[in-house]
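Letter by letter, the chains look like this.
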Amino acid sequence: MNLQQKKRSRSVNSYKDPDAAIIELAANMPGERAGLLDVAKQSVDALNAAVLASDVGAANVAVDHYEAAAWKLNNGTFFGYKQPSNPEAGGILAENHCRATPGASPMWGQCGEFLIEVSGITAVVEVEDGISRFSTCFIFQAVDPDGPFISETGYRSKFERFDFGRSVEEAAIATFTTILTEGGRKMLLPEARESTMTEHAPWLDASLASVSRSAVFKEPGGQFAFGF
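Cut-offs applied
- Residues numbered from 1 in each chain as written.
- Predicted model: local features only at pLDDT ≥ 70, side-chain atom pairs only at ≥ 80, totals over all residues.
- Heavy atoms only, no water.
- pLDDT = per-residue confidence, 0-100.
- Contact = heavy atoms within 4.5 Å.
- Helix = DSSP H or I, 4+ residues; strand = E, 2+ residues; numbered from the N terminus.
- Buried < 20%, exposed > 50% of the residue type's maximum accessible area, 1.4 Å probe, protein only.
- Pairing = 2+ DSSP bridges.
- Axes fitted to C-alpha atoms, helices over the stretch in contact; angles between N-to-C directions.
- Phe/Tyr/Trp six-rings, centres within 6.5 Å; stacked < 30°, edge-to-face > 60°.

Q: Mind laying out the confidence of the model for the chain, listing which residues take part and the relevant values?
A: Looking at the chain as a whole, the pLDDT averages 87, with 83% of positions reaching at least 70. Ignoring residues within four places in sequence, the model shows residues 1-14, a span with pLDDT below 50, making 44 contacts including any to other chains.

In structure tokens form, the structure reads like this:
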């Protein structure tokens, strides 16, 4: 299963009028693409630091700077700035430039993909944009077609608010743990087993090699479960 096969849908014509603060910030930013992309990356760094420090004010400032850079990259409009089919859209340019290295846990404000293991269950986590400020989307996908997962389809997505004081990886594990605690282990349906990942990306092969496995695991709720 290709990691890009099961993407959530989102508006391709997102639009809102920028407020005066965004326009003022953009006016004082570089005019060339490279400079604006650098501003976007610096904004992500600042946003991540602010979330880890539970500083909501600083996080808002960082998002304002990121949005101003994306708006300016998109020729001074938010219309279609995250159009997935347009690689030149300002939001897409900024997102791709700031994307985390595959296999590494993203910072807050970054998109990316990495591996987690919770109670003996391994899963790929894709991190994407949320639907509002300080929101993100965790997409969990099964790796082992014969092992247990948190859904019978081998796929589960969850929108979450930024978890101030925690890293993205810590927040993803907490979300996965909650789903596992509430729903328990599920074996994949036959059709889902056929669509799980049969060819791993290099980063995933390296990550899987470091995963330790045991015969018995303790569930988040305190009960014991056997590995499959």
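More follows now that the structure is in view.
Q: Which residues make up the environment of L208, and what are the values?
A: Take L208: it is sitting in helix α7 (residues 202-209). With relative accessibility at 19%, the residue L208 sits in the buried group.

Q: Which residues make up the sheet that holds strand β2 (residues 121-129), and what values go with them?
A: In space, the 4 strands of this open sheet follow the order β1-β2-β3-β5, with antiparallel pairing throughout. The open sheet has two edge strands with one neighbour each: β1 (112-118) and β5 (155-161). Between one strand axis and the next, the sheet turns through 30° on average, direction left out of account.

Q: I'd like a rundown of helix α4 (residues 90-98), residues and numbers included.
A: An α-helical segment advances 3.6 residues per turn. Residues three or four places apart therefore align on the same side. With 7 of 9 residues buried, α4 is to be regarded as a mostly interior element. Buried residues belonging to α4 abut α2 (33-52), α3 (56-73) and β2.

Q: Tell me about the packing of aromatic side chains, and name the residues and values.
A: The description of an aromatic ring pair uses the distance of the two centres, along with the angle that the planes make with each other. Under the defined criterion, the tally for this structure stands at 7 aromatic pairs. Arranged with centres 5.5 Å apart and planes meeting at 85°, the rings of F134 and F164 form a pair that is edge-to-face. With F134 in the loop between β2 and β3 (135-142) and F164 in the loop between β5 and α5 (168-183), this pair connects stretches of sequence that are 30 residues apart. You can call F164 partly exposed: its relative accessible area is 24%. Look at F140 and F176: their rings are 5.2 Å apart centre to centre, the planes differ by 75°, and that puts the pair in the edge-to-face class. With F140 in strand β3 and F176 in helix α5, the pair connects residues that are 36 residues apart, well separated along the chain. Since its relative accessible area comes to 0%, F176 is described here as buried. An aromatic cluster is built from W108, F134, F162 and F164, whose rings are joined through pairwise contacts.

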